[in-house]
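Structural characterization, general
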Amino acid sequence: MPLKLFNTISKEKELFKPIREDDVRMYVCGPTLYNNPHVGNFRPIVIFDVLFRLLKDIYNENKVTYVRNITDIDDKIINKSKELSQSTEELVSVYKKTFQKDLLDLNILPPTKEPSATDYIDKMILMIKDLVKTGFAYESENHVLFETNKFKDYGKLSRLSLKDIIAGARVEVAGYKKNPEDFVLWKPSKNNEPFWDSPWGKGRPGWHIECSAMSHELLGSNFDIHGGGIDLIFPHHENEIAQSTCWHGEQTAQIWMHNGFVNFSGEKMSKSLGNIATVNDLLKNYTGDVIKYSLLNAHYRQPLEFSDALLRSSQLILDKWSDSKNWNIQTINGYDQQFIDYLMDDLNTPAALMRLQTIFNLIKKDPENNELRAHFINGLKLLGIDPKDTKKELKIDVNYIENMISERSLAKESRNFDRADQIRDELQNQGIVLEDTPGGTKWKQI
Ligand SMILES: [Zn+2]
């Protein structure tokens, strides 16, 4: 089966046909490093890592260029650095270290290029100057704004009309704008904020132009795939398309891909892990493979309910699969047909993982079947999963468990059995089992 990918622009699965087979090009918006990346920030990183591996498998190792940027200048970074009285460079370098460690732990391949926005300021200034010259942008009170109504296709990606955008109050109204939907390409820096000299005074770029400059510099005007989280469709990607297309006159990316949100709402992450789980925190209790498996266990376009229960069930599967590290197999290239067909069908990773489980079950019945074993190992490798040593000692917070037990006793006394059961289930999801004895409630770790 040939590769099919869902394109946000057409809202259809399209047959993937690269512009140049000898240089398949993909750009993905990377993190803004103002905190330790959250598990939601890692979802696109994990998804597009699988796509990168798959494209390399189809088109050959050296024929895929994958650019994933780092945003190192942005309002959030500036605000956090002021809060901590640090320079933006210091702040970014601290979080970059954690991010790089997380990437290694999750066995994410380094992209071909990983540009930082501040290395491309000259290019951004050049693009903005041109956009002013050609009438797509205008200067006002040291800002430069893109005049949205000058681009007739504005709203094509998000399927929003200018009317929707204004009515939905999804844009900021400001005195220096001709129209509320115009967006910032350049803005003045306040005192003590990082700045670059420009024809419009000392200032800094808006976030959207950063990606347009980096993608053009490293991949050219027209490339194959542009990816990111669903929250980037509007305004970030809509604005990227507008400014890039008006600047170079060509279509930007052929296929725009967006992954769904990671939710913590269903069965919530336990309090001990926090509702906002950073990957760095999760790595204290789980291996990178367990986190990765959990993130691949839903189709990338669907929302993913992230919970302790999900992590623990992923861990159980990977523990079983870790038997494969002792297998002696003769190398066979290639994949199980059904496994690869699932991936080629718009990266259906949950179905591909289930197929691996089926193959694993078949191997149990037919342990000497070399082909099955090779297909299993090759499949894992393509997903970047290496199920070794998934067991990590769970760090137990005894105080937390005892507080939960007291809260449960109180709930039972006041006949609030729903809450009591909820606490028992929450603890069980973290591997803690309660036993009610005449001498009180006891707990043990499973
Ligand atoms: Zn971007």
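Everything numeric in this text was worked out from a predicted model, so none of it was measured.

Side note on the coordination of the zinc ion
Within the first shell, the zinc ion binds the protein through C29 (SG), C211 (SG) and H236 (NE2), at distances of 2.1 Å. Sequence positions of the residues that donate to the zinc ion give the spacing C-x181-C-x24-H. Placement of the pair is C211 in helix α6 (residues 207–219) and H236 in helix α7 (residues 233–248), with a sequence separation of 25 residues. Both residues of the pair, C211 and H236, belong to the buried class.

Re the sheet that holds strand β9 (residues 223–229)
Spatial ordering of the open sheet is given by β4-β3-β9-β10, a layout of 4 strands whose pairing is parallel. Edge strands, defined here as strands with exactly one partner in the open sheet, are β4 (64–68) and β10 (253–259). Strand after strand, the sheet turns through a mean of 20° between neighbouring axes, direction not considered. Packed on one face of the sheet, α6 meets β3 (24–28), β4 and β9 and runs near 160° to β3.

Comments concerning the domain arrangement of the protein
Structurally, the protein comprises domain 1 (19–259), domain 2 (272–383) and domain 3 (398–445). For domain 2 and domain 3, the distance between their C-alpha centroids amounts to 32 Å. Across the boundary between the two partners, domain 2 contributes 4 residues, which contact 5 residues of domain 3. Buried surface at the junction of domain 2 and domain 3, summed over both partners, amounts to about 380 Å²; 51% is from carbon and sulfur atoms. There are 0 salt bridges connecting domain 2 and domain 3. The tally of links from domain 2 across to domain 3 stands at 0 residue pairs in polar contact (both at pLDDT 80 or more). The residue makeup of the side of domain 2 that touches domain 3, split by class, is 1 nonpolar, 1 polar and 2 charged.

Observations concerning the packing of helix α12 (residues 349–365) against helix α13 (residues 370–383)
Between α12 and α13, the shortest axis-to-axis distance is 9 Å and the interhelical angle comes to 155°. Taken together, the axes of α12 and α13 are roughly antiparallel relative to one another. Of the two elements, α12 crosses α13, and the hand of that crossing is left-handed. On the side of α12, the interface is formed by L353, L356, I359, F360, L362 and I363, while α13 contributes L372, R373, H375, F376, G379, L380 and L383. A per-class count over the contact of α12 with α13 returns 10 nonpolar, 2 polar and 1 charged.

Looking at the packing of aromatic side chains
Enumeration over the complete set of coordinates arrives at 13 aromatic pairs. Geometrically, the ring pair formed by F42 and F99 is edge-to-face, given 5.8 Å between the ring centres and 65° between the ring planes. Placement of F42 in helix α1 (residues 39–59) and of F99 in helix α3 (residues 88–105) is noted, with a sequence separation of 57 residues between them. You'll find F42 and F99 in the same group, each marked buried. Geometrically, the ring pair formed by W327 and F360 is stacked, given 6.1 Å between the ring centres and 20° between the ring planes. Here F360 lies in helix α12 and W327 lies in the loop between α10 (308–321) and α11 (337–344), a separation of 33 residues in the sequence. As far as the burial class goes, W327 and F360 line up, both buried. Here a set of aromatic residues connected by ring pairs shows up, and it is made of Y293, W321, W327, F360 and F376. Residue placement shows K56 over the ring face of F52; its charged tip is 4.6 Å from the ring centre. In this structure, R301 is placed above the aromatic ring of F6, and the distance from its NZ or CZ to the ring centre is 3.9 Å.

Calculation notes
- Residues numbered from 1 in each chain as written.
- Predicted model: local features only at pLDDT ≥ 70, side-chain atom pairs only at ≥ 80, totals over all residues.
- Heavy atoms only, no water.
- Donors = N, O, S within 2.8 Å, 3.2 Å for Na, K, Ca; no water.
- Helix = DSSP H or I, 4+ residues; strand = E, 2+ residues; numbered from the N terminus.
- Buried < 20%, exposed > 50% of the residue type's maximum accessible area, 1.4 Å probe, protein only.
- Pairing = 2+ DSSP bridges.
- Axes fitted to C-alpha atoms, helices over the stretch in contact; angles between N-to-C directions.
- Contact = heavy atoms within 4.5 Å.
- Domains from an automatic or database assignment.
- Buried area = accessible area lost by both parts, 1.4 Å probe.
- Salt bridge = Lys/Arg side-chain N within 4 Å of Asp/Glu carboxyl O.
- Polar contact = N/O pair within 3.5 Å; in protein donor to acceptor, adjacent residues only side chain to side chain.
- Nonpolar A, V, L, I, M, F, W, Y, C, P; charged D, E, K, R; others polar.
- Parallel < 35°, antiparallel > 145°, perpendicular 65-115°, else oblique.
- Left-handed = near helix turned anticlockwise from the far one by under 90°.
- Phe/Tyr/Trp six-rings, centres within 6.5 Å; stacked < 30°, edge-to-face > 60°.
- Lys NZ or Arg CZ within 6 Å of the ring centre and 35° of its normal.

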